[in-house]
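Summary of the model geometry
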Amino acid sequence: MDVLNEDGASERAELHFLAALTDELMRHLMDAGVLNRQQLQSIENAVAERTGGIPRAW
């Protein structure tokens with residue numbers, strides 16, 4: 001049972017890391033002028049729709 005708990009915690013940690021990494025990459029793309037807020041919001045909306053989540057505001 002401990003193995004399952006450790007796997008779940010590890011997977012959650014990895015998901016949080018990937019979410020933070022994605023957020024940083026998106027912010028850098030906006031800061032560099034590669035994408036604007038409207039484009040980032042479009043990406044956010046598409047991901048939220050695909051995953052069943054609530055989109056964050058850009």
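Placed above this text is the structure.
In this text the structure is predicted, and so the values were computed from the model without any measurement.

Turning our eyes to something else, we now look at the overall build of the protein chain. The secondary structure content of the protein chain amounts to two helices and zero strands. For a compact globule of 58 residues, the expected C-alpha radius of gyration is about 10 Å, and the protein chain comes in at 15 Å, more than 25% above that figure. Dimensions of the protein chain, computed from the C-alpha atoms along their principal axes, are close to 45 × 25 × 15 Å. A burial count over the protein chain gives 16% of its 58 residues as buried. As presented, the protein chain carries roughly 4900 Å² of accessible surface, and 58% of it is formed by carbon and sulfur atoms. Mean positive and mean negative side-chain charge positions of the protein chain (5 and 10 charges, respectively) differ by 10 Å.

Turning to a negative patch on the surface, a few remarks are in order. Together, Glu-6, Asp-7, Glu-11 and Glu-14 line one region of the surface with negative charge. Checked against the element boundaries, Glu-14 lands in helix H1 (residues 2-31).

Below, the discussion takes up the layout of surface pockets. Volume-wise, the largest pocket comes out at about 260 Å³. Contributing to the lining of the largest pocket are 14 residues, with Ala-19, Thr-22, Glu-44, Val-47 and Arg-56 lying nearest its centre. Elements represented by at least two residues in the lining of the largest pocket include exactly H1 and helix H2 (37-51). Class assignment for the residues of the lining of the largest pocket results in eight nonpolar, three polar and three charged.

Relative to the 21 Å expected for 15 residues at 1.5 Å per residue, H2 spans 21 Å between its end C-alpha atoms, a close match to the ideal helical length. Listed in full, the buried residues belonging to H2 are Leu-40, Glu-44 and Ala-48. Down the axis of H2, the buried set is contained in an arc of 70 degrees. They therefore lie on one face. The outward face of H2, more than 90 degrees from its buried face, is lined by the exposed residues Gln-38, Glu-49 and Arg-50. At the C-terminal side of H2, Gly-52 shows a positive phi close to 80 degrees.

About the cut-offs
Residues numbered from 1 in each chain as written. Predicted model: local features only at pLDDT ≥ 70, side-chain atom pairs only at ≥ 80, totals over all residues. Heavy atoms only, no water. Helix = DSSP H or I, 4+ residues; strand = E, 2+ residues; numbered from the N terminus. Rg over C-alpha atoms; globule rule 2.2 N^0.38 Å. Buried < 20%, exposed > 50% of the residue type's maximum accessible area, 1.4 Å probe, protein only. Areas by Shrake-Rupley, 256 points an atom, 1.4 Å probe, with all protein chains shown as cover. Lys, Arg positive; Asp, Glu negative; His and termini not counted. Charge placed at Lys NZ, Arg CZ, Asp CG, Glu CD. Patch = residues over 30% accessible without salt bridge, like charges linked within 9 Å, V, L, I, M, F, W, Y side chains within 5 Å. Salt bridge = Lys/Arg side-chain N within 4 Å of Asp/Glu carboxyl O. 1 Å grid on protein atoms, 1.4 Å probe; cavity = no way out; pocket = protein on both sides within 12 Å on 5 of 7 lines; lining within 4 Å. Points joined across faces, edges and corners; volume = space filled by probe spheres on them. Nonpolar A, V, L, I, M, F, W, Y, C, P; charged D, E, K, R; others polar. Expected span 1.5 Å × (residues − 1). Arc of directions from axis to C-beta.

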